[in-house]
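A closer look at the structure
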Amino acid sequence: MPHDHEAASAHTHAHGLHHHHIDPSAGDARIAWAIAVNMLLTLAQVVGGLLSGSLALIADALHNFSDAVALIIAFGARRIARRPADARMSYGYGRAEVIAALINYTTLIVLALYLVYEGIMRFLDPQPIDGWLVVWIAALALVIDLVTAALTWPMAKTSMNIRAAFLHNLADALGSVAVIVAGSAVIWFGWTWVDPLVTLMIAAYIMWHVRAEIGAAIGVLMLGTPPGHDPEAVAREIETVEGVQSLHHLHLWSLQENTAALSAHLVIAPGAWDQADAIKTRVKALLEERHDIAHVTLEMECAAHACSHPQRIGSA
């Protein structure tokens, strides 16, 4: 019985649909500038936090430093991901960006837990704070955060890796606003307790942000179904193609963030085996046009010799 293990030749075209928004070298330059300004800002915030005694300012500096590191990791992963497929990595290196995103989110979890610990300890042992220095440094941080967000926004639309860094910068901007509020409370009312409170709020926001984003990275690495795709619905739609009797052993997963792949056993209706190639072509066209799935592998089975008691989704 014939078998087909071909991948659709349109894979390159589909991949290009998701990455036409900005020239790679121009994107690299944007990330490099974002890294530079964030490292300088982190240094200024740490010095300012130590001189002023503000834990909230140091907390914001640590979060900002994590963003700079995230951008460095993203930069390296972005370059690795461009490598073409080879004998060692037959699917290519695109998942390097997903791995980088997971690393960044994991370090943010550790950072948030550390900030919670430090915030609680500062509540128990309050320290004097120079409110004006806190406000000025935080205001500078807010400007840099907004500049960094503007640099990364064009790439954030389609890259999980860069989107993580972009959203982190927005979180930093909110953190800087919160630090300005804390410094102002010290200046006007002498409320030093606002500083550790803001620290805990920054930690909570980081954890909320990670919870909202980390699932997508884990899903890709675990070969999960791409967002927006329902395997059963896709299977039923394939079965509407003329000449298809049924479908089983369906696998639908993410090769990388923006590239879905599908493999399945396709049972050809009785009397239609001589049209098997044409049926396969129609199924692949449907998957690419309706579901943006261009990497497709179909194993053809005639109705008389199809698998007995097959599993609909996945394989035993």
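Residues numbered from 1 in each chain as written. Predicted model: local features only at pLDDT ≥ 70, side-chain atom pairs only at ≥ 80, totals over all residues. Heavy atoms only, no water.

**With respect to the pairing of strand β1 (residues 244-256)**
Counted residue by residue, β1 has 10 buried out of 13 residues, so it is predominantly covered. With 9 bridges connecting them, β1 and strand β2 (residues 259-268) associate as antiparallel partners. If you follow Ser-254 over to β2, its bridge partner there is Ala-260. Adjacent in sequence and paired antiparallel, β1 and β2 are bridged by 2 residues. (Buried < 20%, exposed > 50% of the residue type's maximum accessible area, 1.4 Å probe, protein only. Helix = DSSP H or I, 4+ residues; strand = E, 2+ residues; numbered from the N terminus. Pairing = 2+ DSSP bridges.)

**Considerations on the UniProt feature "transmembrane region" (unreviewed entry) in the chain**
UniProt annotation of "transmembrane region" (unreviewed entry) refers to residues 31-51, 57-77, 98-117, 129-153 and 165-191 when read in the numbering used here. Taken end to end, residues 31-51 comprises 100% helix and 0% strand; its first and last C-alpha atoms sit 30 Å apart. Here residues 98-117 is 100% helix and 0% strand, with 29 Å between the C-alpha atoms at its ends. (UniProt positions renumbered as here; feature names shortened; annotations may be inferred.)

**Re the sheet that holds β2**
Taken in spatial order, the 3 strands make up an open sheet running β1-β2-β3, and their pairing is mixed. The two strands at the open ends of the sheet, each matched to only one other strand, are β1 and β3 (295-302). Neighbour-to-neighbour, the strand axes of this sheet turn through a mean angle of 10 degrees, independent of strand direction. Along the sheet, helix α8 (residues 231-238) makes contact with β1 and β2, crossing β1 at roughly 135 degrees. (Axes fitted to C-alpha atoms, helices over the stretch in contact; angles between N-to-C directions. Contact = heavy atoms within 4.5 Å.)

**Here we look at the packing of aromatic side chains**
Enumeration over the complete set of coordinates arrives at 2 aromatic pairs. With 6.4 Å between their ring centres and 85 degrees between their planes, Trp-188 and Phe-189 make a pair best called edge-to-face. Classification of Trp-188 by relative accessible area gives exposed; the value is 64%. Residue Phe-189 is classed as exposed on the basis of its relative accessible area of 52%. Between the aromatic rings of Tyr-205 and Trp-208, the centroid separation amounts to 5.6 Å while the plane-to-plane angle is 40 degrees, which identifies the pairing as tilted. (Phe/Tyr/Trp six-rings, centres within 6.5 Å; stacked < 30°, edge-to-face > 60°.)

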